[in-house]
Amino acid sequence: MTERTSADTGAPPAQHGRLLVVDDEPAILDTVSRFLRFLGYEVHTAATASEALAEARSFLPELILLDVMLPDGDGFEVMRRLRQDGLPFAVVFLTARDTRKDLVRGLTAGGDDYITKPFGLDEVAARIHAVLRRTRHREHSDSVLRVADLELDTVTYTVNRAGATLALSPTEFRLLRYLMLHQGRVVPRAQLLDHVWSYDFNGDDTVVATYISYLRRKIDAHGPPLIHTQRGVGYSLRNPQC
């Protein structure tokens, strides 16, 4: 692959967008990510399935350029697990598999597009631009989570309650978002550790309790308590009227 300017490729001019590039081949990962940064995207990278899960949950990209064949899993499973989290991102699969069966599997699993290797950087840029153009036209209301008078916007990364804007850290935002996605249900502490902090439960859930306390102080300052503790199990976020 050779690097080209946006004028050479016919791709859109520099623009803002959050991308995660996942590939276990260092040359591809470096070349593609540098080219996309040149076009104006904010790019994070990962080389394994576990890194991809952790990076996606913390970075919250608009689109993931996702290799199917990874050393510790495959891109289909990565996408499935992230979809379970309800993360609002698009997926363009990047793979050496070029059979119709793999193409159908990738698209029916929820992928937005599919690029086979070898490929040109101009094709990657054009595909990303086309997918983002489609996904950005979705109704903005789809990005807003609501429980009672609490609202969380996954596009603007803002949280409001009773008309007041709450200043949350990235971890607080991810934790609140996950609880809101599972509103009304008790979420085990081990599940929160896996999906918010992206590491396996090891018997120490102090970090979860600490951040729940942070959230409560900020949220409860503007209305009745919304986060509730199920002793020995985990936490739930629900409407105070329920």
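The name an unreviewed UniProt entry gives the protein chain is Response regulator transcription factor, with Streptomyces anulatus as the organism.

### Section: the packing of aromatic side chains
With the rule as written, the count across this model stands at four aromatic pairs. Arranged with centres 5.0 Å apart and planes meeting at 65°, the rings of phenylalanine 76 and phenylalanine 93 form a pair that is edge-to-face. Taken as a pair, phenylalanine 76 in helix H4 (residues 75–84) and phenylalanine 93 in strand E6 (residues 90–95) lie far apart in primary sequence, 17 residues in all. Residue class for phenylalanine 76 comes out buried when judged on its relative accessible area of 5%. By relative accessible area, phenylalanine 93 is classed as buried at 0%. With a centroid separation of 5.1 Å and 75° between ring planes, the pair formed by tyrosine 211 and tyrosine 214 is classed as edge-to-face. Taken together, the residues tyrosine 211 and tyrosine 214, both in helix H9 (residues 206–219) and three residues apart, mark about one turn of the helix. Owing to a relative accessible area of 21%, tyrosine 211 belongs among the partly exposed residues under this scheme. One aromatic cluster in this structure is built from Phe76, Phe93 and Tyr114.

### Comments concerning the confidence of the model for the protein chain
Averaged over all residues, the pLDDT of the protein chain equals 82, while 81% of them reach at least 70. Residue range residues 1–15 is modelled with pLDDT below 50. Its contacts to residues more than four positions away, or to other chains, number 32 contacts.

### So, helix H2 (residues 26–38)
With 13 residues, H2 extends 18 Å from end C-alpha to end C-alpha; this agrees with the ideal 18 Å at 1.5 Å per step. Following H2 by one or two positions, glycine 40 adopts a phi angle in the positive range, close to 110°.

Rules behind the numbers
- Residues numbered from 1 in each chain as written.
- Predicted model: local features only at pLDDT ≥ 70, side-chain atom pairs only at ≥ 80, totals over all residues.
- Heavy atoms only, no water.
- Phe/Tyr/Trp six-rings, centres within 6.5 Å; stacked < 30°, edge-to-face > 60°.
- Helix = DSSP H or I, 4+ residues; strand = E, 2+ residues; numbered from the N terminus.
- Buried < 20%, exposed > 50% of the residue type's maximum accessible area, 1.4 Å probe, protein only.
- pLDDT = per-residue confidence, 0-100.
- Contact = heavy atoms within 4.5 Å.
- Expected span 1.5 Å × (residues − 1).

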